[in-house]
Amino acid sequence: MEAKLKVGILGFGTVGSGVIHILEEHAEKISQITGYQVSVKKVLVRDLEKNRRYETKGFSLTTEPTDILDDPEISVVVEVMGSIEPAREYILQALKAGKHVVTANKDLIALHGDELIAVAQANKCDLFYEASVAGGIPILRTIVNGLAADKIQKVMGIVNGTTNFMLTKMKTEKRTYEDVLKEAQDLGFAEADPTSDVDGIDAARKMVILTRLAFGMNVDLADVDTVGIRGIAPRDMEVAEQLKYVIKLVGTAEEKNGSVAVSVGPVLLPKYHPMAGVNNENNAVFVTGAAAGETMYYGPGAGELPTATSVVSDIITVAKNSKLGTNGNAFNSYQHDTKQTSPDEIFSKYYMRIVMDDKTGTFLKLTQIFAEAGVGFDKILQEPLDDYTATVVVVTHVTSKAQLEQAISRVELEPQMQMQAKYQVVEG
Ligand code: NAP
Ligand code: HSE
């Protein structure tokens, strides 16, 4: 008779529902691949009365975490409830009880990954988190296994589905920020608190995880230069269009001479760039390796079934490891000293939108400030805003972040100039 592998799920929301659905729909295939009859035994929720997307058939609901964490029959715990506590505590309890853990929780992995990985190793348990980055794209295993032989130089990604969905709809359907955010929430893409999505924090957490896997470096979330999409004005989208760019929220992690720079922010991508056509809730991760060159991984970055596919692929890996007796190996064992690149070694072109008094000499002053900082202009657009002010848009030549910051700090001292937007520009 085929061995059974019982799963306990913490959470029955968007992702939890998808996991339940896929484990049932693809049971036959999963059993052939793993040699186990994988089934859900119990699911933790807050509210037993709430209507659920799928029938509670073959498993029970509980509001008591110990029903799952202390059940000796459950060998795999899937955490899809979100946030830090109590999810962290439940995962620690599960690992200490010898249960393997699969999670989609990037907040937790980005902030407490080290602790959880150490406890998993100490207890010879698997801890996998494929769904934590880029939903349905199997990007973590691609980096850890598929690109293991390469030296990764740069990882650039559209890694937040909610903001990519919003920017796409705001641009193509001319809808308001509030309206498109509401739709992203209704579709189950957004975090419980969508501030994480729109302020770039969710993407920054994913970049922390990608940096750890791609470069073996543990960067703190606080060291990720993070800007969200709130400041993108319709005018920025129109000007970008005019200059043949598209604005996307992009995370970048680049290694140079043993140090890494990680950032998240709106970026102007040329229309011909492979990531410029990534729309709606889709994500893309663009990896540059010393040997393989440029490769791109594309697919749905959020939503019930795509995300659940990644979670179930982790459960399948746990089952295979259990068959082979190879549980307890870290998802990623590449480690490197963590060093941050200094701002005078980070180079890019930049887009800036500045509102200034429409008076003789103000523009000259602006060009002087930038010239003194050694920042040259590649493109300049000026248009009147009203009778007294004008909007100036500049795209700089490639410049260091240190030089740009010097120029911006000078601009901020001038009462007749207000810096409204500052985004990186990618070429090539
Ligand atoms: P969700 O729809 O809000 O579902 C959360 C579930 O967890 C709900 O069933 C809720 O119970 C339960 N829950 C939350 N706190 C609980 C607590 N203290 N005790 C017991 N049950 C609790 O969230 P989701 O969108 O599925 O996201 C889950 C995780 O996956 C998050 O870490 C998220 O970042 C990650 N993720 C989501 C997506 C996506 O597209 N949604 C993609 C990738 C990763 P009730 O139903 O009773 O309220
Ligand atoms: N809120 C996240 C997003 C879910 O929109 O990308 C997937 O991680």
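Anyway, here's the lowdown on the structure attached to this text. (Residues numbered from 1 in each chain as written. Chains lettered and ligands numbered in written order. Predicted model: local features only at pLDDT ≥ 70, side-chain atom pairs only at ≥ 80, totals over all residues. Heavy atoms only, no water.)

### With respect to the overall build of the protein
Scanning the protein from terminus to terminus reveals 14 helices and 17 strands. Compactness check: the protein gives a C-alpha radius of gyration of 24 Å against a globular reference of 22 Å for 428 residues, within 12% of the reference. Each of the three principal axes of the protein carries a C-alpha extent, and together these read 85 × 45 × 35 Å. Here the protein, with 428 residues, has 53% of them falling under the buried criterion. Counting only contacts in the protein whose residues sit at least 6 apart along the sequence, the fraction spanning at least 24 positions is 73%. Counting every atom, the protein has about 18500 Å² of accessible surface; 50% of that belongs to carbon and sulfur. (Helix = DSSP H or I, 4+ residues; strand = E, 2+ residues; numbered from the N terminus. Rg over C-alpha atoms; globule rule 2.2 N^0.38 Å. Buried < 20%, exposed > 50% of the residue type's maximum accessible area, 1.4 Å probe, protein only. Contact = heavy atoms within 4.5 Å. Areas by Shrake-Rupley, 256 points an atom, 1.4 Å probe, with all protein chains shown as cover.)

### Quick word on the pattern of salt bridges
Evaluation of the coordinates by the stated rule reveals 31 salt bridges. Put simply, Asp314 and Arg141 hold a salt bridge, and the shortest N to O gap is 2.8 Å. Highlighted residues: Asp314 in helix α12 (residues 304-324) and Arg141 in helix α6 (residues 139-146), separated in sequence by 173 residues. The exposure class assigned to Asp314 is buried, which follows from its relative accessible area of 0%. Residue classification places Arg141 among the buried positions, given a relative accessible area of 18%. Via salt bridges that share partners, Lys169, Glu173, Arg175, Asp179 and Glu183 belong to a single interconnected network. (Salt bridge = Lys/Arg side-chain N within 4 Å of Asp/Glu carboxyl O.)

### Re the environment of Asp150
Position of Asp150 relative to the elements: it lies in the loop between α6 and β7 (152-158). The sequence separation of Asp150 and Glu89 amounts to 61 residues, and the corresponding C-alpha distance is 36 Å. Sequence-distant contacts of Asp150, that is, excluding residues within four places in its chain, are made with Gly289, Ala290, Ala291, Ala292 and Gly293. A polar atom in the side chain of Asp150 sits 3.3 Å from the backbone nitrogen of Ala290. A polar atom in the side chain of Asp150 sits 2.8 Å from the backbone nitrogen of Ala292. (Polar contact = N/O pair within 3.5 Å; in protein donor to acceptor, adjacent residues only side chain to side chain.)

### With respect to the site of ligand 1
If you check the shell around ligand 1, you find 24 residues, and the closest are Phe12, Val15, Arg52, Glu191 and Gly303. Here an oxygen atom of ligand 1 and a backbone polar atom of Phe12 are 2.8 Å apart. Between ligand 1 and Arg52, the relevant distance is 2.7 Å, taken from an oxygen atom to a side-chain nitrogen or oxygen of the residue. Here ligand 1, which alone exposes 900 Å², has 86% of that area covered by the protein. Of the residues in the shell around ligand 1, the class split is 10 nonpolar, 8 polar and 6 charged. (Near = heavy atom within 4 Å. Nonpolar A, V, L, I, M, F, W, Y, C, P; charged D, E, K, R; others polar.)

### As for helix α8 (residues 177-186)
Buried residues of α8: Tyr177, Val180, Leu181 and Ala184, and no others. Relative to the axis of α8, the buried residues are bounded by an arc of 105 degrees and lie together on one face. Of the exposed residues in α8, those oriented more than 90 degrees away from the buried face are Glu178 and Asp186. Where α8 is buried, its residues touch α7 (161-172) and α9 (195-198). The positive-phi residue at the C-terminal boundary of α8 is Gly188, with phi of around 85 degrees. (Arc of directions from axis to C-beta.)

### What to know about the site of ligand 2
Of all residues adjacent to ligand 2, which total 13 residues, the nearest are Lys106, Gly161, Thr162, Phe189 and Glu191. Side-chain polar atom of Glu191 to a nitrogen atom of ligand 2: 2.7 Å apart, as the coordinates give it. Elements supplying a minimum of two residues to the shell around ligand 2: α7 and α10 (201-215). Taken together, the residues of the shell around ligand 2 break down into 4 nonpolar, 4 polar and 5 charged.

### With respect to the packing of helix α1 (residues 14-25) against α12
The geometry of α1 relative to α12 is characterised by a closest axis approach of 8 Å and an angle of 60 degrees between their N-to-C directions. Handedness of the α1/α12 crossing: right-handed. Between α1 and α12, the residues in contact are Thr14, Val15, Ser17, Gly18, Val19, His21, Ile22 and Leu23 and Glu304, Leu305, Thr307, Ala308, Thr309, Val311, Val312 and Ile315, respectively. Among the residues forming the contact of α1 with α12, the class breakdown is 9 nonpolar, 6 polar and 1 charged. (Axes fitted to C-alpha atoms, helices over the stretch in contact; angles between N-to-C directions. Left-handed = near helix turned anticlockwise from the far one by under 90°.)

### As for the sheet that holds strand β6 (residues 127-128)
Across the sheet, 6 strands lie side by side as β3-β2-β1-β4-β5-β6; this open sheet has parallel pairing. Each end of this open sheet is capped by a strand with a single partner; those strands are β3 (60-62) and β6. Two elements, strand β1 (residues 3-10) and strand β2 (residues 36-44), share 8 bridges in a ladder whose sense is parallel. The residue of β2 that forms the bridge with Ala3 is Tyr36. (Pairing = 2+ DSSP bridges.)

### A word on helix α4 (residues 87-96)
Among the 10 residues of α4, 7 are classified as buried, and the element is accordingly described as predominantly covered. Turning to α4, its buried residues are Ala87, Arg88, Tyr90, Ile91, Leu92, Ala94 and Leu95. Each element contacted by the buried residues of α4 is listed here: β1, β2, α3 (66-69), β4 (74-79), β5 (100-103) and α5 (106-122). Count one or two residues on from α4 and you reach Gly98, which has phi positive near 85 degrees.

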